[in-house]
Amino acid sequence: MESKSYFQKNIEELQKEFDVDIHAGLSVEEAEKRKNIYGENALKQTEKKSFLQMFFSQLKDFMIIILIIASFISLIVGEVADTVIILLVVILNAVLGVIQENKAEKSLEALKNLSSPAAKVVRGGRKMEVKSKDIVPGDIVIIEAGDIAPADGVLFQSANLMMEEAALTGESVPVEKNTAIPQGEDIPLGDRKNYIYTSSLAVYGRGQFIVTATGMNTEVGKIAEMLQKEEKIKTPLQEKLDELGKTLGIAVLVICALLFGIGYFQNRSLFEMFMTSISLAVAAIPEGLPAIVTIVLSIGVQRMIKRNAIIRKLPAVETLGTASVICSDKTGTLTQNKMTVTKIYTYDKLVDIDQADKDQPKEELALKIGLLCNDASLDEEDGEKKAVGDPTEVALVAAAHLHGLFKKEEESKSERVNEIPFDSDRKLMTTIHRYGKDFWVYTKGAPDVLLERCDKILLDDGIATLDEEMKSNIKKANEEMSSQALRVIALAYQEMSSLPERIVSEEIEDHLIFVGMAGMIDPPREEVKESVRISKEAGVRPVMITGDHKLTAMTIAKELGILDEGQEAIEGRVLEKMSDEDLFRNVERYSVYARVSPEHKVRIVKAWQQKGRIVAMTGDGVNDAPALKRANIGCAMGITGTDVSKEAADMVLTDDNFATIVSAIEEGRSIFDNIKKSIHFLLSCNIGEVVALTVCIVLNYPIPLLPIHILWVNLVTDSFPALALGVDPAEKDIMKRKPRDPKESIFGGGLGLVIALEGAAIGILTVIAFQIGRLESLELGRSMAFVVLSLSQLFHTFNVRAMDKSIFQVGFTSNKQLLGALFVSFLLMIGILVIPPLRTVFKLATIDPVHWGILLGISLMILVVVELAKGIKRLI
C-alpha cells in the first residue's frame, strides 16, 4: 500500500478505502482476516549468517588462500612445524574477523523494540486492548498521553494532541496534531499535522486515527528496509590492505614461477624447489599484518574510550582520519535538544534572558506568568535537574528559576483554582490564581492571537490603553525575534474581583493586559563552535542536515560557523525534485539541509561520496540510521541517541558532544600514520627476506633461510616492534594538515621506493652474513643469516619512525613501548639460539663471540645506510 497520499484524503474517503466505520471499527473476524493478508505489524528480520558461514567468509582473502596452500605443501614435504604455525596464523585472523562481524548487524532488533507492546483500538463497536503486532490497516486506534503509536495513520479526532516525533523527523519540540488536511505537494514528514507515525510518543491530549500502514509499510518500516538494502562500504584501509594482499600474492606467484625456471636449469631437486616456494610465500606475505593492524586499531579504541567515544567497528578509527565531510544532524548533536528562553520582551525593551531584571515589575510579571501559566516542573533529584512536561513550558520554568522565581514557592502564594487548557484551535492557555480575595488570570499563547485579546498594556508607569501604534511595535518585536529563529510566546494577565459562572475562553480570555513575550530556541552546544573551527582548519567540511525549519537551521548554522558566505541552505521539498546528477553537481554549494526525510539524508551522503569525499555522519534519531550506515563512518549519540542509531553507527559518542568527533579525527589521523609505519617496517623486512632468498637462488647458493626461520621473524621478532610503532606519539601539526586523499596509495609520497630500497639493503646484509658463516658450515651460515635478519630489522624500527627526519631528531627514547618491544624481541631471538631443544627445532648452530661481533657490526649497517640516505635527501 502507498501511504503517501492518505494524509490528504478526508475521513469519508478513508472509510470507504479501508471498508471501516470509524465509530464501530473493524469486526474481530475482519481484523483476523486482514492480519492473514497483510501479516503481523512487525519489522522483518534479515537472515543471519551462522558462525561457520562467517568463519569461512574470512578465508576468502587472497593472502590467506596462499598461506593455506603453503601449509599443505609443508605438510606434504614433512615440515609439520611449519604447517602448524601457518594454520595457527590463518585461524587467528579468521576468529578476529568473526568477532568483528558478529557485532555489526543489530539495527532491526532495535527498530523492533520501538513498537509499543499493546494498543487501544475500537473493534466491533467496543474499546479493547490488543497486542501492537495484531494491528491491521483499517483499525481505529485510540491514542492518549503516554501512549506510543503502534502504526501509521490519519487522525480524525483530536483533543489538544501533541506527539513527540524528534527521533523520526528531527523536530526538537512536540508537534501539535489536528485533523486539518495539509494542502500542497511534496509535504515533508514533519508538516503532516494530521498524520501519526509508528513509534512517536503522545505527550499531551488524546485522539483517534485510522491505521493506513503497518509493519514494513510504515515510515519506520521504510527506514528498516533501507537499513537492510544499504550496503556497508569498505574503509580506505580495508581497500588498501585488500589491494596489497592481491599485489603480494601475484608477486609471489610470479617470483615462484621465475625461480622454478631458474632452479630447473640449475638441476635443483623438486623437494628443494618446494621448500624454496614455501620460503618465498612465507617471506613475501606479512602474516602478522592483519592481526597487527587489528591490534593497533584496538589500542586506538581504548584511547578513544578515554576521550568519550566508543568504537563499534575497528576500521572506523582509521576512517575518521580521512574524513573530509561531517554531515551532522542538528537536534541533540549540534544543539542541546533543550528549549531555552534566550530573550524577554516587555514594551519597547528586548533583552537577553540573563539581563532581565526581576526588580522591574514588567519583567518580573512576565517571568511569573511563564512560570505559573504552566503544567511543567523542574525539580532537583540527586544533584541533577529533572524536567517533566512540554519542552516549551520547561523552558519558561527554567527562565523563572534563573531569576530566583520557583514554582512551588509562587504556587503557595497564589493557589491555582481553575484553568482553560491549551487548545490548538485558539492557541492559548490560561490559568486562574487566587490572591487573597481577588483572582488573577494568566494567559500565554501565540503572539498574533493573544494580542487581539488585549486592550491594555503594562508600562513602566502603570497600565495604559493598548493603541495601534503600540500593537505595531509589538508585532515588529515579534518579527525581529522570529527572524532569529526564536519560538515566541506572548504573555498577558488581568485581575478579577470575582469569577464568572462559566470558565470559558469568551469570558476569561478577553480584555487582557499585554505584559510581554518570551523568545526561545534549542541553543547550540557551547563547545561546538570551537569544534567547527578546528574541523575547518583541518580541511573537514561541516554540513548540517535536519528535519527542522530552514530559518531555524540557518540561524544555528551561522552562529556555529557552518554556514559561511557564499554557501546556501536548501529544503527537502526542493531536494526531492532535484535529480541525483543535479545534487552531485551542486552538493558543495549547500551547507544546510532543512525539512529533510531519511531518504534525503542517504542521497546527500552518497553525493558527497561520489565527489570522492570520505563522509562522517552524526545523528541520534531513527531517521539518521540509514545515513549512518551508508556513511563511511557513522557517529551516534550515546545519551540522546536511539538504539537504532547506535546499532547502525560505527562509533558512539558517550557525551553526545560534537567536539568529541574532532578528537576522533585527530586520533584517526595519528593511528593511520602509525599503521603506515607498521606496514613500512613489515614490508621492508619482508622484501629483505625475498631479496635474500632470490639472490641466493640466482647465484646458485643454498637456501639461506628455512620457512620456520622466516615465520619466526615475521610473527614473533617483527610483531612486537610493529605493535609498538602503532602507539608512536602523534605529530604536533597533525590537525593542521588537509585530509588525506583516500585514493592515494598507501605507498604514496615515495614510500614504495623507500620500502624497496631498505628491503634490498636488509636482504644484501643477510646474504653477506650467510656467506661469512657458510665458510664454516651451512648450519652456521643459516644461523648468521637468521641473526642478521632479526637484528637489522630491530634496528630498522628507528628508521621508520620518520620518513625524512633523522632518528637523532625524533629521539631514541620518545617511544618507551618501542624500547620495551625491541628488548623482548631480542631476548626471544637469544632464547632460540641458546636453548638446545629450540635450537634443534630451528636447525641452528651455536655462535661464538667473534661471529657475534661480526653480526652486530653487519646489523647496525642498516641504521648507517638509511641515516646517510635521509641526510642526502634533506640536502637535495
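Please refer to the structure higher up on the page.
First things first, this report covers the structure right here in the doc. On a predicted model such as this, the values are computed, not experimentally measured, just so you know.

## Focus on the overall build of the chain
Looking only at helices and strands, the chain has 35 helices and 26 strands in total. In terms of principal-axis extent, the alpha carbons of the chain reach across some 120 × 65 × 50 Å. Counting only residues that meet the buried cut, the chain has 56% of its 876 residues in that class. Residue pairs in contact within the chain that sit at least 24 positions apart in sequence constitute 72% of those at least 6 positions apart. As displayed, the chain has an accessible area near 36900 Å², and 57% of this comes from carbon and sulfur atoms. Where the 99 positive side-chain charges of the chain centre and where its 120 negative ones centre are 5 Å apart.

## Focus: the side chain of Asp 152
If you trace the backbone, Asp 152 turns up in strand S4 (residues 152-164). For the buried residue Asp 152, which engages in no salt bridge, the nearest side chain bearing the opposite charge is Lys 222, 6.5 Å off. Here Glu 219 takes part through its backbone nitrogen, which lies 2.9 Å from a polar atom of the side chain of Asp 152. Non-local contacts of Asp 152, meaning those with residues more than four positions away in its chain, are made with Tyr 195, Ile 196, Tyr 197, Thr 198, Phe 209, Ile 210, Val 211, Thr 212, Ala 213, Thr 218 and Glu 219.

## Re unusual backbone geometry
One non-glycine residue with positive phi stands out, namely Asp 19, at about 50 degrees. The topology assignment puts Asp 19 in the loop between helix H1 (11-18) and helix H2 (28-38). With a relative accessible area of 59%, Asp 19 lands in the exposed category. Phi at Asn 700 is positive, roughly 65 degrees, even though this residue is not glycine.

## Observations concerning the packing of helix H27 (residues 658-698) against helix H30 (residues 751-774)
Working note: a packed helix pair is described by the angle between its axes plus the distance between those axes. Interaxial distance between H27 and H30 falls to 7 Å at its minimum, and their mutual angle equals 45 degrees. For the element pair H27 / H30, the angle class is oblique. The handedness of the crossing between H27 and H30 is right-handed. Classifying every residue of the contact of H27 with H30 by side-chain character gives 16 nonpolar, six polar and two charged.

## Details of the pattern of salt bridges
Close approach of charged atoms allows side chains with opposite charge to pair. Inspection of every chain in the model, using the stated rule, returns 39 salt bridges. The salt bridge involving Glu 17 is made with Lys 9; its shortest N-O contact spans 2.6 Å. Linking Asp 580 and Arg 603 is a salt bridge whose minimum nitrogen-to-oxygen distance equals 2.9 Å. Of this pair, Asp 580 sits in helix H23 (residues 580-586) while Arg 603 sits in helix H24 (residues 598-610), placing them 23 residues apart in sequence. Taking relative accessible area as the criterion, Asp 580 reaches 47% and is therefore assigned partly exposed. In this structure, a network of salt bridges that share partners links the residues Lys 35, Glu 40, Lys 133 and Asp 134.

## Some points on the pairing of strand S17 (residues 454-459)
Pairing of S17 with strand S20 (residues 512-521), which is carried by three bridges, proceeds in the parallel orientation. If you follow Lys 456 over to S20, its bridge partner there is Ile 513. As paired strands, S17 and strand S18 (residues 462-465) are joined by four bridges and run antiparallel to one another. What sits directly across from Leu 459, in S18, is Gly 462. From the end of S17 to the start of S18, which pair antiparallel, there are two residues.

## Concerning a nonpolar patch on the surface
There is a patch of nonpolar side chains on the surface, built from Phe 72, Leu 75, Val 80, Val 84 and Leu 88 and spanning about 470 Å² of accessible area. Broken down by secondary-structure element, the contributors of at least two residues to the nonpolar patch are helix H4 (62-76) and helix H5 (80-102). Among the elements that make up the nonpolar patch, the one with the highest residue count is H5 (three residues). Positionally, Leu 88 belongs in helix H5. A relative accessible area of 52% places Leu 88 in the exposed class.

## Describing the sheet that holds strand S21 (residues 541-545)
Strands sit in the order S8-S26-S25-S24-S9-S21-S23-S22 across an open sheet of eight strands; the sheet is mixed. Only two strands of the sheet have a single partner each, and these edge strands are strand S8 (309-311) and strand S22 (568-571). Recorded for the sheet is a direction-independent mean angle of 20 degrees between the axes of neighbouring strands. Two elements, S22 and strand S23 (residues 590-594), share four bridges in a ladder whose sense is parallel. Residue pairing in the sheet places Glu 571 in a bridge with Ala 594 of S23. Contacting S8, strand S9 (325-329), strand S24 (615-619) and strand S26 (651-653), H27 runs over the sheet at an angle of about 160 degrees to S9.

## Some words on the packing of aromatic side chains
Given two aromatic rings, their pairing is described by the distance between the two centres and the angle made by the two planes. Following the criterion strictly, the structure yields 10 aromatic pairs and no others. Measuring from ring centre to ring centre gives 5.5 Å for Phe 808 and Phe 812, while their planes differ by 75 degrees; the resulting arrangement is edge-to-face. The class of Phe 812 is partly exposed, set by a relative accessible area of 32%. Connected via pairs of aromatic rings, a cluster forms that spans Tyr 435, Trp 440, Tyr 442 and Tyr 493. Between the NZ or CZ atom of Lys 611 and the centre of the ring of Phe 584, over which it lies, the distance is 4.4 Å. Residue placement shows Arg 740 over the ring face of Phe 672; its charged tip is 3.2 Å from the ring centre.

## A closer look at the nonpolar core
Ile 474, Phe 514, Met 517, Met 651 and Phe 786 are the most contacted members of the largest nonpolar core, which has 142 residues in total. In this view, Ile 474 contacts Tyr 345, Tyr 347, Leu 451, Ile 457, Leu 466, Phe 514 and Met 517; residues no more than four positions away in its chain are not counted. Judged by nonpolar contacts, the second largest core, of 55 residues, contains Ile 11, Val 20, Ile 210 and Val 622.

## Here we look at the side chain of Lys 330
Of note, Lys 330 is situated in helix H13 (residues 330-334). Separated by 3.0 Å, the side chains of Lys 330 and Asp 548 make a polar contact. Not counting chain neighbours up to four residues away, the residues in contact with Lys 330 comprise Thr 335, Asp 522, Met 544, Ile 545, Thr 546, Asp 548, Thr 552, Ala 553 and Ile 556.

## With respect to H27
The end-to-end C-alpha distance of H27, which contains 41 residues, comes to 59 Å, matching closely the 60 Å that a straight helix rising 1.5 Å per residue would cover. The element H27 is extensively covered by neighbouring structure, given that 35 of its 41 residues are classed as buried. Where H27 ends, the next residue or the one after it, Asn 700, has phi of about 65 degrees, a positive value.

## Some points on a negative patch on the surface
A surface patch of like charges, here negative, comprises Asp 448, Glu 452, Asp 467, Glu 468 and Glu 469. Going through the elements one at a time, helix H17 (447-452) and helix H18 (468-483) are the ones with two or more residues in the negative patch. Within the secondary structure, Glu 468 is located in helix H18.

## Points about the pairing of strand S3 (residues 140-144)
Burial analysis of S3 places four of its five residues in the buried class, the great majority of the element. With three bridges connecting them, strand S1 (residues 118-123) and S3 associate as antiparallel partners. Bridging from a neighbouring strand, Val 121 pairs with Val 141 of S3. Pairing between S3 and strand S7 (residues 201-213): five bridges, direction antiparallel. Its bridge partner lying in S7, Val 141 is registered against Phe 209.

What counts and what doesn't
- Residues numbered from 1 in each chain as written.
- Predicted model: local features only at pLDDT ≥ 70, side-chain atom pairs only at ≥ 80, totals over all residues.
- Heavy atoms only, no water.
- Helix = DSSP H or I, 4+ residues; strand = E, 2+ residues; numbered from the N terminus.
- Buried < 20%, exposed > 50% of the residue type's maximum accessible area, 1.4 Å probe, protein only.
- Contact = heavy atoms within 4.5 Å.
- Areas by Shrake-Rupley, 256 points an atom, 1.4 Å probe, with all protein chains shown as cover.
- Lys, Arg positive; Asp, Glu negative; His and termini not counted.
- Charge placed at Lys NZ, Arg CZ, Asp CG, Glu CD.
- Salt bridge = Lys/Arg side-chain N within 4 Å of Asp/Glu carboxyl O.
- Polar contact = N/O pair within 3.5 Å; in protein donor to acceptor, adjacent residues only side chain to side chain.
- Axes fitted to C-alpha atoms, helices over the stretch in contact; angles between N-to-C directions.
- Parallel < 35°, antiparallel > 145°, perpendicular 65-115°, else oblique.
- Left-handed = near helix turned anticlockwise from the far one by under 90°.
- Nonpolar A, V, L, I, M, F, W, Y, C, P; charged D, E, K, R; others polar.
- Pairing = 2+ DSSP bridges.
- Patch = residues over 30% accessible without salt bridge, like charges linked within 9 Å, V, L, I, M, F, W, Y side chains within 5 Å.
- Phe/Tyr/Trp six-rings, centres within 6.5 Å; stacked < 30°, edge-to-face > 60°.
- Lys NZ or Arg CZ within 6 Å of the ring centre and 35° of its normal.
- Core = buried A, V, L, I, M, F, W, Y, C linked by side-chain atoms within 4.5 Å.
- Expected span 1.5 Å × (residues − 1).

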